[in-house]
Amino acid sequence: MTGNESESELPVPPYPPIEPTAFDLIVIGTGLPESVISAAASASGKSVLHLDPNPFYGSHFSSLSIADLTHFLNSHSTPSSVCPDPLYSDVEISNYASRLLSQHPRNFNLDVSGPRVLFCADHAVDLMLKSGASHYLEFKSIDATFMLDADAKLCSVPDSRAAIFKDKSLGLMEKNQLMRFFKLVQGHLSLDESEENNVRISEEDLDSPFAEFLTKMKLPHKIKSIVLYAIAMADYDQEVSEYVLKTRDGINRLALYNSSIGRFQNALGALIYPIYGQGELPQAFCRRAAVKGCLYVLRMPVISLLTDQNSGSYKGVRLASGQDILSHKLVLDPSFTVPGSLASSHQQLQESFQAFSLSDNKGKVARGICITRSSLKPDLSNFLVIFPPRSLFPEQVTSIRVLQLGGNLAVCPLGM
């Protein structure tokens with residue numbers, strides 16, 4: 001089954017019976033975490049049944065055509081849906097955008113929950129390479145990062161030695177200050193502590209707020225903003241927010257950024273993005289799991305959990321087709337709920353699953369997808385723009401990030 005069929009094209013049940021009827025593991029939902037678990041379990045020789053009530057792979061990590069995305073958002077945000085999702089309670093696609101995009105061939109997908117870039121040295125990239133999932137997807141480089149400065153201009157982020165020397169927006173003193181700071185960080189992270197030039201940052205400084213440490217290093221405001229918001233990627237205003245980044249965490253983020261630059265020959269910067277969108281990530285692990293014997297069934301809701309009458313422990317699931325499937329273990333996507341029950345203990349099981357529910361998060365992220373007719377930078381298609389706190393208006397307490405992706409990544413029509 002493909003993950004790109006529109007809802008109107010879906011066949012109507014009945015469902016064919018699943019064989020065999022017992023597995024080591026049943027996984028419900030094909031989000032990225034669930035797909036990684038399936039791939040790992042299948043690779044270790046376990047029998048795995050991977051189910052998803054949706055007609056596509058990826059759950060909240062999926063990338064869909066404009067028609068399928070509209071249907072998905074509507075079904076997850078209305079009170080009439082079986083399980084309305086608070087993540088999508090305030091979403092809509094403008095009629096103009098729908099008409100515009102429907103005029104183009106369906107050769108592009110839009111990310112359901114917003115695009116996520118990957119650092120080249122991220123553990124997720126290491127996992128894809130080690131597991132073999134990297135054989136099933138392709139990435140392109142995010143070629144540059146820009147930040148809005150005090151003069152309301154988009155300036156390149158000097159994130160490497162070469163970039164610092166080439167940067168025309170920094171004065172000679174600022175370049176020297178930034179170079180000395182990067183050298184200090186590299187010396188702290190060096191494994192060879194016997195070298196005289198390697199200076200370790202004290203534990204007291206590592207436990208202090210990162211913004212205070214940068215001030216202690218006598219870095220000017222402009223350099224501090226670059227380090228905090230464009231390289232360490234701090235979300236909140238580090239001068240007034242309660243969500244303060246510690247120096248230890250800030251140094252680790254700088255190390256990740258630095259080790260990402262130059263890791264792959266065809267990646268110009270530290271960041272990469274999958275062609276056809278983030279929905280390719282779970283599909284790559286699903287393909288890897290299928291090669292190792294995992295059985296996949298889409299459009300298959302689970303209506304209840306099965307429990308042992310004597311012990312009350314989990315023993316399997318009942319499918320919408322009426323078939324019972326047994327398994328030793330169950331993994332449930334936190335965005336799904338199982339509405340029915342064959343045992344009173346189901347409520348306790350469900351509550352334990354919902355303890356990890358996405359709706360329990362206190363934070364909130366506002367996302368928007370804008371299809372533009374031209375690039376913010378005429379000579380570039382794929383780049384990241386950082387608007388630090390208070391750079392757009394005085395009450396702005398968070399960073400705002402704009403990721404521009406071109407048609408060569410198949411996330412919008414060509415030429416847009």
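What counts, and where the lines are drawn
Residues numbered from 1 in each chain as written. Predicted model: local features only at pLDDT ≥ 70, side-chain atom pairs only at ≥ 80, totals over all residues. Heavy atoms only, no water. UniProt positions renumbered as here; feature names shortened; annotations may be inferred. Helix = DSSP H or I, 4+ residues; strand = E, 2+ residues; numbered from the N terminus. Buried < 20%, exposed > 50% of the residue type's maximum accessible area, 1.4 Å probe, protein only. Contact = heavy atoms within 4.5 Å. Areas by Shrake-Rupley, 256 points an atom, 1.4 Å probe, with all protein chains shown as cover. Salt bridge = Lys/Arg side-chain N within 4 Å of Asp/Glu carboxyl O. Phe/Tyr/Trp six-rings, centres within 6.5 Å; stacked < 30°, edge-to-face > 60°. Pairing = 2+ DSSP bridges. Axes fitted to C-alpha atoms, helices over the stretch in contact; angles between N-to-C directions. Parallel < 35°, antiparallel > 145°, perpendicular 65-115°, else oblique. Left-handed = near helix turned anticlockwise from the far one by under 90°. Nonpolar A, V, L, I, M, F, W, Y, C, P; charged D, E, K, R; others polar. Polar contact = N/O pair within 3.5 Å; in protein donor to acceptor, adjacent residues only side chain to side chain. Patch = residues over 30% accessible without salt bridge, like charges linked within 9 Å, V, L, I, M, F, W, Y side chains within 5 Å.

In the annotation of an unreviewed UniProt entry, the entry for the protein chain reads Rab proteins geranylgeranyltransferase component, and the organism field reads Citrus sinensis. The UniProt entry for the protein chain carries the following comment under Subcellular location (unreviewed entry): "Cytoplasm". Quoted verbatim from the Sequence similarities (unreviewed entry) heading of the UniProt record, the comment on the protein chain is "Belongs to the Rab GDI family."

Participant: Could you clarify how one ought to interpret the overall build of the protein chain in this entry?
Facilitator: Each helix and strand counted, the protein chain has 12 helices and 16 strands in total. Burial analysis of the protein chain (416 residues in total) assigns 46% to the buried set. Within the protein chain, contacts between residues at least 6 apart in sequence are counted, and of these 67% link residues at least 24 apart. If you sum the accessible surface of the protein chain, you get close to 22,300 Å²; carbon and sulfur atoms cover 54% of it.

Participant: Teacher, can you tell me more about the pairing of strand 15 (residues 383-387) here?
Facilitator: Regular strands place side chains that alternate from one sheet face to the opposite one. When you tally the buried positions in strand 15, you get five out of five residues, the bulk of the element. Alternating residues of strand 15 divide into Phe383, Val385 and Phe387 and Leu384 and Ile386, and every residue in both groups is buried.

Participant: Quick question: what am I supposed to make of the pattern of salt bridges here?
Facilitator: Close approach of charged atoms lets side chains of opposite charge pair. Summed over all chains, the structure comprises eight salt bridges. The residue Asp237 makes a salt bridge to Arg390 at a minimum N-O spacing of 2.9 Å. Placement of the pair is Asp237 in the loop between helix 9 (221-231) and helix 10 (247-260) and Arg390 in the loop between strand 15 and strand 16 (400-404), with a sequence separation of 153 residues. Under the relative-accessibility criterion, Asp237 is labelled buried at 3%. When the shortest N-O distance is used, the salt bridge between Asp324 and Arg318 registers 2.7 Å. With a relative accessible area of 32%, Asp324 lands in the partly exposed category. Overall, the relative accessible area of 27% leaves Arg318 in the partly exposed class. Each of Glu203, Asp207 and Arg248 takes part in one network of salt bridges that share partners.

Participant: Would you take a moment to explain the packing of aromatic side chains for this structure?
Facilitator: Given two aromatic rings, their pairing is described by the distance between the two centres and the angle made by the two planes. This structure, assessed with the given rule, holds five aromatic pairs. Ring centres of Phe146 and Phe383 lie 5.5 Å apart, and the angle between their planes is 85°; on these two criteria the pair is classed as edge-to-face. Remark: Phe383 occurs in strand 15 and Phe146 occurs in strand 7 (residues 144-148); sequence separation between them is 237 residues. We classify Phe383 as buried; its relative accessible area is 0%.

Participant: Would you explain the sheet that holds strand 16 in this entry?
Facilitator: Taken together, four strands build an open sheet; the order of strands is 8-7-15-16 and the sheet is mixed. Each edge of the sheet is formed by a strand with only one pairing partner; in this case those strands are strand 8 (154-156) and strand 16. Within the sheet, the average angular offset between the axes of one strand and its neighbour, ignoring direction, is 25°.

Participant: Which parts of the structure should I look at to understand helix 9?
Facilitator: Residues three or four positions apart in an α-helix share a direction because the helix packs 3.6 residues into each turn. The buried count for helix 9 comes to nine of 11 residues, which makes it a mostly enclosed element. Among the residues making up helix 9, those that are buried are Ile223, Lys224, Ser225, Ile226, Val227, Leu228, Tyr229, Ala230 and Ile231. Turning to helix 9, the residues buried within the fold contact strand 7, helix 6 (172-189), helix 8 (210-216), helix 10 and strand 15. Phi turns positive, to about 55°, at Met233, one or two residues after helix 9.

Participant: I keep staring at the packing of helix 1 (residues 32-43) against helix 11 (residues 280-291) and nothing clicks. Help me out?
Facilitator: Between two packed helices, both the angle of their axes relative to each other and the distance between the axes serve to describe the pair. Contact geometry for helix 1 and helix 11: axes closest at 8 Å, N-to-C directions at 20°. Judged on the interaxial angle alone, helix 11 and helix 1 are roughly parallel. Both helix 1 and helix 11 take part in a crossing whose hand is left-handed. Residue-level contacts link Leu32, Ser35, Val36, Ser38, Ala39 and Ser42 of helix 1 to Leu281, Pro282, Phe285, Cys286 and Ala289 of helix 11. Looking at the contact of helix 1 with helix 11 residue by residue, the classes come out as eight nonpolar, three polar and no charged.

Participant: Is there a simple way to explain the environment of Tyr296 in this structure?
Facilitator: By secondary structure assignment, the location of Tyr296 is in strand 10 (residues 295-298). Considered as a pair, Tyr296 and Val27 are 269 residues apart in the sequence and their alpha carbons are 9.7 Å apart. Apart from the residues lying within four places of it in its own chain, the contact partners of Tyr296 are Thr30, Ser38, His50, Tyr57, Phe285, Cys286, Ala289 and Ala290. A polar contact of 3.2 Å, which involves the side chain of Tyr296, links it to the side chain of His50.

Participant: Honestly, a nonpolar patch on the surface in this entry has me stumped. Any pointers?
Facilitator: A cluster of nonpolar side chains, namely Leu376, Leu392, Phe393, Ile400 and Val402, defines an oily patch on the protein surface of about 400 Å² accessible area. Assignment of secondary structure puts Leu392 in the loop between strand 15 and strand 16.

Participant: Hey, could you run me through the packing of helix 4 (residues 123-131) against helix 11 in this one?
Facilitator: At a minimum axis separation of 11 Å, helix 4 and helix 11 run at an interaxial angle of 25°. Relative to helix 11, the element helix 4 lies roughly parallel. Where helix 4 crosses over helix 11, the handedness of that crossing is left-handed. Between helix 4, through Leu127, Met128 and Ser131, and helix 11, the contact on the second element is made entirely by Leu281, Phe285 and Arg288. Of the residues in the contact of helix 4 with helix 11, the class split is four nonpolar, one polar and one charged.

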